[in-house]
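Letter by letter, the chains look like this.
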Amino acid sequence: DVVALDIDSNGKYMMTCSRNKNDLVLFDLKGSLLQRLDTFQMTTNFACVSPCGTYVAACGFTPDVKVWMVKSTKSTFNKASRAFELTGHTSGIYHMAWRKDSSHAATISKDGTWKLFKIEAEFMSGKLVASGQVDVLPTSKLALSPDGKVMAISRDKNILIYALEPKPELITEIKNVHTQPISNILFDAGSRWLMTSGDKHIRIFHNVVGYQRTLIELKQTLQDAITQGH
């Protein structure tokens, strides 16, 4: 029962993860086995590769995300080794997502909270920077916009939209996006669109909250420039 399939953006390896065998397997792009890892999750809900290709993470039954660091040369995979955990939840984690620059990761848990972590590579750790209550389901998914300004969480057929800057807050809920539970949720690389899949359809939404936050930032930058000019 494969719950995740992902590929390193640098083209050095790909990853698969099974739900009940608790193994996370890394292959080269020709399909040859590179390394097999134990997720220590009992049941694994999700796993993914960070956009930079440096980390592989898995979440599931335990209240933390296990993170491995992938060591490699310019063109060759060497090995993956346990690096750190993202901690703070009190129950199993349903899903997680990385920010595009791999500087942050977000999680949603059975304990009814979402959490945002800052990845501190120099200290090999993840620092909890924000958290909030959310009524999630085991099928819930989340996504972070590449610019880090917006987070989207699916709940059954609905989408919860959060602004993360200047402080996290729930902005709106888009209801009945699909006629069946949402199966996946994703921002485009430019943070302009939010895409969802479900009931054999894909829906695409303008990232209005992201536009609004960008406008607020630009207005503040202009005001700061005017203030400094006086």
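It should be noted that the structure appears before, not after, this text.
Everything in this summary refers to the structure shown in the same document. (Residues numbered from 1 in each chain as written. Predicted model: local features only at pLDDT ≥ 70, side-chain atom pairs only at ≥ 80, totals over all residues. Heavy atoms only, no water.)

Quick word on the overall build of the protein
(1) Moving on: When its secondary structure is counted, the protein shows 1 helix and 19 strands.
(2) Moving on: For 230 residues, the compact-globule estimate of 2.2 N^0.38 gives 17 Å, and the protein sits close to it at 18 Å.
(3) Moving on: Projected onto its principal axes, the C-alpha positions of the protein cover 60 × 45 × 35 Å.
(4) Moving on: Sequence separation of at least 24 residues holds for 38% of the intrachain contacts in the protein that already meet a minimum separation of 6.
(5) Moving on: If you sum the accessible surface of the protein, you get close to 11,800 Å²; carbon and sulfur atoms cover 54% of it.
(6) Moving on: The protein carries 27 positive and 22 negative side-chain charges, and their two centres are separated by 2 Å. (Helix = DSSP H or I, 4+ residues; strand = E, 2+ residues; numbered from the N terminus. Rg over C-alpha atoms; globule rule 2.2 N^0.38 Å. Contact = heavy atoms within 4.5 Å. Areas by Shrake-Rupley, 256 points an atom, 1.4 Å probe, with all protein chains shown as cover. Lys, Arg positive; Asp, Glu negative; His and termini not counted. Charge placed at Lys NZ, Arg CZ, Asp CG, Glu CD.)

A closer look at the sheet that holds strand β3 (residues 23-27)
(1) Moving on: Across the sheet, which stays open at both edges, the 4 strands sit in the order β1-β2-β3-β4 with antiparallel pairing between neighbours. With one partner strand each, in any of the chains shown, β1 (2-7) and β4 (33-38) form the two edges of the open sheet. Along the sheet, successive strands turn relative to each other by an average axial angle of 15 degrees, direction set aside. (Pairing = 2+ DSSP bridges. Axes fitted to C-alpha atoms, helices over the stretch in contact; angles between N-to-C directions.)

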